[in-house]
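Residue-level structure breakdown
The residues making up each chain are set out below.
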Amino acid sequence: MKKQLFEGVDFYYNEEGFIVLTEKYHLEKGVCCGNGCRHCPYDYIHVEEPKRSELLINKANRHAEAR
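In this numbering scheme, every chain counts its residues from 1 along its sequence in written order. Only residues with pLDDT of 70 or above have their local features reported here, since the model is predicted, and side-chain atom pairs are shown and tallied only from 80 upward, although totals for entire chains, interfaces and linings are computed over all residues. Here the side-chain values reflect all heavy atoms present in the structure, with hydrogen atoms and water set aside.

1. Thoughts on the overall build of the protein
Broken down by element type, the protein carries two helices and two strands. Across the protein, helices and strands are ordered from the amino to the carboxyl terminus as β-β-α-α. When its C-alpha atoms are laid out on the principal axes, the protein stretches across 35 × 25 × 20 Å. For the exposure calls, accessible area comes from a 1.4 Å probe over protein chains only, and a residue counts as buried if that area is under 20% of its type's maximum, exposed if over 50%, partly exposed in between. Considering the protein as a whole, with its 67 residues, one finds that 18% of them fall into the buried category. We call two residues in contact whenever any of their non-hydrogen atoms come within 4.5 Å of each other. Counted over contacts in the protein with a minimum sequence separation of 6, partners at least 24 positions apart contribute 6%. Carbon together with sulfur atoms contributes 54% to the accessible area of the protein, which is approximately 5300 Å² in total. The helix and strand labels rest on DSSP assignments: H or I over at least four residues marks a helix, E over at least two residues marks a strand, and numbering proceeds from the N terminus. To be clear on the numbers: accessible area is Shrake-Rupley with a 1.4 Å probe, and residue cover counts the displayed protein chains and nothing else.

Put into C-alpha coordinates, the structure is as follows:
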(Lines give C-alpha, C1' and ligand atoms only; values in the text may rest on other atoms or scores of the structure.)
Protein backbone atom coordinates (compact mmCIF):
# COMPACT_ATOMS: atom_id res chain seq x y z
CA MET A 1 0.00 0.00 0.00
CA LYS A 2 1.41 3.40 -0.99
CA LYS A 3 1.58 6.25 1.50
CA GLN A 4 -0.78 9.14 0.84
CA LEU A 5 1.17 12.31 0.05
CA PHE A 6 0.10 15.69 1.42
CA GLU A 7 0.65 18.96 -0.42
CA GLY A 8 2.86 21.33 1.55
CA VAL A 9 4.27 18.48 3.63
CA ASP A 10 5.52 15.85 1.19
CA PHE A 11 5.47 17.94 -2.00
CA TYR A 12 4.65 21.30 -3.50
CA TYR A 13 4.18 22.71 -6.99
CA ASN A 14 6.93 24.96 -8.38
CA GLU A 15 6.48 27.98 -10.65
CA GLU A 16 6.47 25.76 -13.76
CA GLY A 17 3.75 23.51 -12.34
CA PHE A 18 6.01 20.53 -11.58
CA ILE A 19 5.69 18.53 -8.36
CA VAL A 20 8.74 18.97 -6.09
CA LEU A 21 9.26 16.42 -3.31
CA THR A 22 10.34 17.82 0.06
CA GLU A 23 13.35 16.86 2.16
CA LYS A 24 10.93 15.26 4.65
CA TYR A 25 9.62 12.97 1.91
CA HIS A 26 13.14 11.95 0.89
CA LEU A 27 14.20 11.27 4.50
CA GLU A 28 11.20 8.98 4.94
CA LYS A 29 12.09 7.21 1.67
CA GLY A 30 15.54 6.55 3.16
CA VAL A 31 17.81 6.60 0.11
CA CYS A 32 18.96 8.79 -2.78
CA CYS A 33 17.13 7.75 -5.95
CA GLY A 34 19.78 9.21 -8.27
CA ASN A 35 17.41 11.60 -10.06
CA GLY A 36 19.03 14.78 -8.72
CA CYS A 37 16.02 15.89 -6.69
CA ARG A 38 16.20 19.50 -5.48
CA HIS A 39 15.75 18.62 -1.79
CA CYS A 40 17.90 15.47 -1.66
CA PRO A 41 19.27 15.16 1.91
CA TYR A 42 21.76 12.46 0.82
CA ASP A 43 24.18 14.74 -1.12
CA TYR A 44 23.16 13.09 -4.41
CA ILE A 45 25.27 9.98 -3.70
CA HIS A 46 23.68 8.00 -6.55
CA VAL A 47 23.88 10.78 -9.17
CA GLU A 48 26.58 10.36 -11.81
CA GLU A 49 29.38 12.92 -12.24
CA PRO A 50 29.61 15.66 -13.46
CA LYS A 51 25.92 16.25 -12.65
CA ARG A 52 26.49 15.42 -8.96
CA SER A 53 29.12 18.14 -8.54
CA GLU A 54 26.89 20.68 -10.28
CA LEU A 55 23.97 19.81 -7.99
CA LEU A 56 26.12 20.11 -4.86
CA ILE A 57 27.35 23.56 -5.95
CA ASN A 58 23.77 24.69 -6.64
CA LYS A 59 22.66 23.38 -3.24
CA ALA A 60 25.50 25.26 -1.48
CA ASN A 61 24.56 28.45 -3.34
CA ARG A 62 20.89 28.13 -2.34
CA HIS A 63 21.88 27.71 1.31
CA ALA A 64 24.22 30.72 1.15
CA GLU A 65 21.48 32.88 -0.39
CA ALA A 66 19.02 31.82 2.31
CA ARG A 67 21.27 33.22 5.06
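2. Points about the environment of Leu-56
Residue position: Leu-56 is located in helix α2 (residues 51–66). Sequence-distant contacts of Leu-56, that is, excluding residues within four places in its chain, are made with Asp-43 and Tyr-44.

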